Amino acid sequence: VRAKRIGTEVAKETSLTIDTSMVMRPFARAPADLRFAAAVVGAAELLRQGPRAERWSYRQVRSIAGGARPERDPDRQEFLALVERAEALDVTRRGR
């Protein structure tokens, strides 16, 4: 990490070794909010036909968002409904 105090010119560098077991875990065990956010990113890529859209499918977005406890949040329920509608309207990705 490099950082400098406000108003100074010299940055201080600090390093720390972190074992990957401390930060790596299966996606399914990530917090529900993070998984839902990932589903939103995937849907955005699909809708705008972005450069990473080929890595996503509406089915995958629905699966991730659906596993993030949408029944507790009306906004998440609405998001899932919108994804289903977008999938039905997207003739370019039928069957993916």
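Small disclaimer: the values here were computed from a predicted structure and weren't measured.

Re the overall build of the protein
- When helices and strands are counted, the protein shows three helices and two strands.
- Along the protein, helices and strands appear, N-terminal first, in the series β-β-α-α-α.
- Computed over the C-alpha atoms, the radius of gyration of the protein is 19 Å, more than 25% above the 12 Å expected from 2.2 N^0.38 for a compact globule of 96 residues.
- Across its three principal axes, the protein shows a C-alpha extent of roughly 55 × 25 × 25 Å.
- Buried positions account for 28% of the 96 residues belonging to the protein.
- Charged side chains in the protein number 19 positive and 13 negative. The centres of these two groups are separated by 4 Å.

Focus on the packing of aromatic side chains
- Scanning the entire structure with this criterion turns up one aromatic pair.
- One Lys or Arg, Arg-76, reaches over the ring of Phe-36 and ends 4.4 Å from the middle of that ring.

Details of the nonpolar core
- By size, the foremost hydrophobic cluster in this structure holds 16 residues, and its most contacted members are Ala-39, Leu-46, Val-61, Ala-65, Phe-79 and Val-83.
- Residue assignment for this core shows that the elements contributing at least two residues are helix H1 (32-48), helix H2 (58-66) and helix H3 (74-89).
- Sorting elements by how many residues they give to this core places H1 first, with five residues.
- Beyond its immediate sequence surroundings of up to four residues, Val-61 is in contact with Ala-39, Gly-42, Ala-43, Leu-46, Trp-56, Phe-79 and Val-83.

Parameters and conventions
Residues numbered from 1 in each chain as written. Predicted model: local features only at pLDDT ≥ 70, side-chain atom pairs only at ≥ 80, totals over all residues. Heavy atoms only, no water. Helix = DSSP H or I, 4+ residues; strand = E, 2+ residues; numbered from the N terminus. Rg over C-alpha atoms; globule rule 2.2 N^0.38 Å. Buried < 20%, exposed > 50% of the residue type's maximum accessible area, 1.4 Å probe, protein only. Lys, Arg positive; Asp, Glu negative; His and termini not counted. Charge placed at Lys NZ, Arg CZ, Asp CG, Glu CD. Phe/Tyr/Trp six-rings, centres within 6.5 Å; stacked < 30°, edge-to-face > 60°. Lys NZ or Arg CZ within 6 Å of the ring centre and 35° of its normal. Core = buried A, V, L, I, M, F, W, Y, C linked by side-chain atoms within 4.5 Å. Contact = heavy atoms within 4.5 Å.

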